[in-house]
Amino acid sequence: MVPFGHQITSPVGTRPSRIAVAVLVVGLCACGRATSISSDVPTAPSTVGAPAPSGGVVRVSSAAELQAAVTALVSGQTVELARGTYVVPGEAFVLPQPLTSVTIAGATGNRSDVTIRGGRFAIWANNVTGLTVRDLTLEGASEHGLILNCEAHAPVIRNVAFRDIGDQFIKANPGPGGCGVDDGLVEDSLFEYTRGAPDPYTNGIDVHFGAGWTIRRNTFRGFFTAAGGLVGPAILIWNASRDTVVEGNTFVDNVRDIALGLDATRTSQAPVSNGSLTDHRGGRISGNIITRRVMLPGADVAILVADSPQTRIEGNTVTMAGGYPNAIEYRFPRTTGVVITSNSVDAQILARDGASATVTGNTVR
């Protein structure tokens, strides 16, 4: 199980020690055929039709200029990065607070043209409502790529390549009094390990106490370790979250792919601002394509709904390639009112630990 997330209030501190594991070299093989997991297809610019920022545009072309622009950022402003590589100077590019409606964007619209590299974290936002990050690459942060703390509501992550991040690629932390990050949108982006994860403590997207997130048309690839073991799900929305939509994404060669909820330890006494009394509630997992081209070490279930009542799983295609007997699992007694329909899978759909669901119209290949 992935360790419980924690609210981080300062980018300064002592990092826990890592588990030492081997890193799998790129060449996964199936039937003698090389299967690289490191390609990236740039997408078209996402700026067409976007309204002009109310606070103006600050154009930068070096890491020092980017640091100065972020430090002086005001609400309504866009920081636009010229083509090039921006090495994080120290811990992270930390946004001031409070702010509303700010954007950090690559200038060309091609995410391969602009790279923010390194640091403990790449971008840090706390109490920033309406942050947009688009049209660039975040790679090589030792812990998290984009960290969102309490009240960083309505973030938009669009056309971003996240690559080879140490822990969570996007981390939305729980805060005091049940405060979380609500209404996130992640679309048209890439989450990728080019040679497998450095250790099991990772997720592409990890959200605590979050309501109303939409995750669509993204690619998640290479979430496994050479040493095996239970690597964190590529998408994990849990710890009293609700109403998540995961639709139209592509998953390739991950040990676990989608988890709405993870365990059943949440109690009704826990104060959570979004009202969820279970690990997750509601939401929909639909139209995703999940493919494992080889038998991965530590392989586990592709889609998990755990302590998450009233959730729909529909129209997904799952190819497991062996290694684990179940494509979809629903778990724990409070997982009720679940609908699982019109999925095409090559492994079982299984109830565990007292969960109940309506399971109809699925195809087991």
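Look up a bit, the structure's there.
Trainee: Now, about the overall build of the protein: what can you tell me, with residues and values included?
Mentor: Within the protein, the regular secondary structure consists of 1 helix and 35 strands. Taken across its 365 residues, the protein has 55% of its residues classed as buried. When contacts within the protein are restricted to residue pairs at least 6 apart in sequence, those whose partners lie at least 24 apart make up 74%. Only carbon and sulfur atoms are counted for the fraction: they give 55% of the accessible area of the protein, which is about 13,100 Å².

Trainee: Can you explain the pattern of salt bridges? Please cite residues and give values.
Mentor: All told, the structure shown has 22 salt bridges when counted by the stated rule. The residue E80 makes a salt bridge to R59 at a minimum N-O spacing of 3.2 Å. On the criterion of sequence distance, the pair formed by E80 in strand 4 (residues 78-81) and R59 in strand 3 (residues 57-60) is long-range, its members being 21 residues apart. A salt bridge links K171 to D206, with the shortest nitrogen-to-oxygen separation between them at 2.9 Å.

Trainee: Residues and numbers for the state of the cysteines, please.
Mentor: Across all of its chains, the model carries 1 disulfide by this definition. Between the sulfur of C150 and that of C179 lies a disulfide, 1.7 Å long from S to S. Across the S-S bond linking C150 and C179, the dihedral sits near 110°, which makes this disulfide right-handed. One end of the pair, C150, is in the loop between strand 11 (144-148) and strand 12 (156-163); the other, C179, is in the loop between strand 13 (168-172) and strand 14 (185-187), and 29 residues separate them in sequence.

Trainee: How would you explain the packing of aromatic side chains if you had to name every residue and give the values?
Mentor: Counted by the stated rule, this structure contains 8 aromatic pairs. Taken together, a centroid distance of 4.6 Å and an interplanar angle of 10° make the contact between F191 and F220 stacked. On the criterion of sequence distance, the pair formed by F191 in strand 15 (residues 190-192) and F220 in strand 18 (residues 219-221) is long-range, its members being 29 residues apart. Among the aromatic residues, ring-to-ring pairing joins F162, F169, F191, Y193, F220, F223 and F251 into one connected group.

Trainee: Before we move on, could you go through the nonpolar core and cite the residues and values that matter?
Mentor: If you look at soluble globular proteins, the nonpolar side chains tend to sit buried side by side. Of all hydrophobic cores here, the largest spans 79 residues; its most connected members are I116 and L148. A per-element tally of this core places strand 10 (residues 128-139) first, with 5 residues. Discounting chain neighbours no more than four positions away, the residues touching I116 are L66, L81, Y86, V88, F93, A122, I123, L136, T137, L138 and E139. Judged by nonpolar contacts, the second largest core, of 5 residues, contains F224, V231, V294 and L296.

Trainee: Account for the environment of W124, with residues named and values stated.
Mentor: Within the secondary structure layout, W124 lies in strand 9 (residues 121-125). The class of W124 is buried, set by a relative accessible area of 3%. Each C-alpha atom, one on W124 and one on E91, is 9.4 Å from the other, the two residues being 33 residues apart in sequence.

Trainee: Can you break down the sheet that holds strand 11 residue by residue, with the values?
Mentor: As a general point, the strands of a sheet are linked pairwise by backbone hydrogen bonds and lie either parallel or antiparallel. Taken together, 10 strands build an open sheet; the order of strands is 6-9-11-13-16-19-23-27-30-33 and the sheet is parallel. The open sheet has two edge strands, strand 6 (93-94) and strand 33 (348-352), and neither has a second partner. The pairing of strand 13 with strand 16 (residues 203-208) spans 4 bridges and is classified as parallel. Each bridged residue has a counterpart across the sheet, and for K171 the counterpart in strand 16 is D206.

Trainee: Go over helix 1 (residues 63-71) with me, naming the residues and quoting the values.
Mentor: Three or more residues of helix 1 are buried, namely L66, A69 and V70. Buried residues along helix 1 cover an arc of 95° about the axis, so they all sit on one side. Turned more than 90 degrees from where helix 1 packs its buried face, A64 and T71 sit exposed. Where helix 1 is buried, its residues touch strand 3, strand 4, strand 5 (84-87), strand 6 and strand 8 (114-117).

Trainee: Please set out the environment of N203 residue by residue, giving values where relevant.
Mentor: Position of N203 relative to the elements: it lies in strand 16. Residue N203 is classed as buried on the basis of its relative accessible area, which comes to 0%. The spatial distance from the C-alpha of N203 to the C-alpha of V231 is 8.1 Å, given a sequence separation of 28 residues. A polar contact is formed between the side chain of N203 and the side chain of Q168, at a distance of 2.9 Å.

Trainee: Give me the pairing of strand 31 (residues 338-341): which residues, what numbers.
Mentor: As paired elements, strand 28 (residues 312-314) and strand 31 share 3 bridges and run parallel to each other. Paired with E314 across the two strands is T341, which belongs to strand 31. Pairing of strand 31 with strand 34 (residues 357-360) involves 4 bridges; the strand directions are parallel. Note that in strand 34 the partner of V338 across the bridge is A357.

Trainee: Just give me the short version of the pairing of strand 8, but keep the residues and values in it.
Mentor: Alignment of strand 5 against strand 8, held across 4 bridges, turns out to be parallel. Following the sheet pairing, T85 is matched in strand 8 by T115. Here strand 8 runs beside strand 10; their pairing, made up of 3 bridges, is parallel. Note on strand 10: the bridge partner recorded for T115 is T137.

Reading the values: rules and limits
- Numbers given for residues are sequential positions, taken from 1 along each chain in its written order.
- Under the rules for a predicted model, residues below a pLDDT of 70 receive no local features and side-chain atom pairs below 80 are neither given nor counted, while totals for whole chains, interfaces and linings still include all residues.
- Hydrogen atoms and water are omitted, and side-chain values are computed over all heavy atoms in the structure.
- The helix and strand labels rest on DSSP assignments: H or I over at least four residues marks a helix, E over at least two residues marks a strand, and numbering proceeds from the N terminus.
- Only protein chains enter the area calculation, which uses a 1.4 Å probe; residues under 20% of their type maximum are buried, those over 50% are exposed, and those in between are partly exposed.
- Residues are treated as being in contact if the distance between any of their heavy atoms lies within 4.5 Å.
- Here the open area of atoms and residues is found with the Shrake-Rupley method and a 1.4 Å probe, where only the protein chains shown may cover a residue.
- One side-chain nitrogen of Lys or Arg within 4 Å of one carboxyl oxygen of Asp or Glu is enough to make a salt bridge.
- For the purposes of this analysis, a disulfide is any pair of cysteine sulfur atoms at a distance within 2.5 Å.
- We call Phe, Tyr and Trp rings a pair once their centres come within 6.5 Å, taking the six-membered ring for Trp, and we label the pair stacked below 30 degrees between planes, edge-to-face above 60, and tilted otherwise.
- As used here, the term nonpolar core means buried Ala, Val, Leu, Ile, Met, Phe, Trp, Tyr and Cys residues forming a set that is joined through side-chain atoms within 4.5 Å.
- Strand pairing is assigned whenever DSSP detects at least two bridges linking the two strands.
- The arc in question is the one traced by the directions running from the helix axis out to the C-beta atoms.
- Pairs of N or O atoms are called polar contacts if they sit within 3.5 Å, as long as, within protein, a hydrogen donor faces a hydrogen acceptor (for residues adjacent in sequence, only side-chain-to-side-chain pairs).

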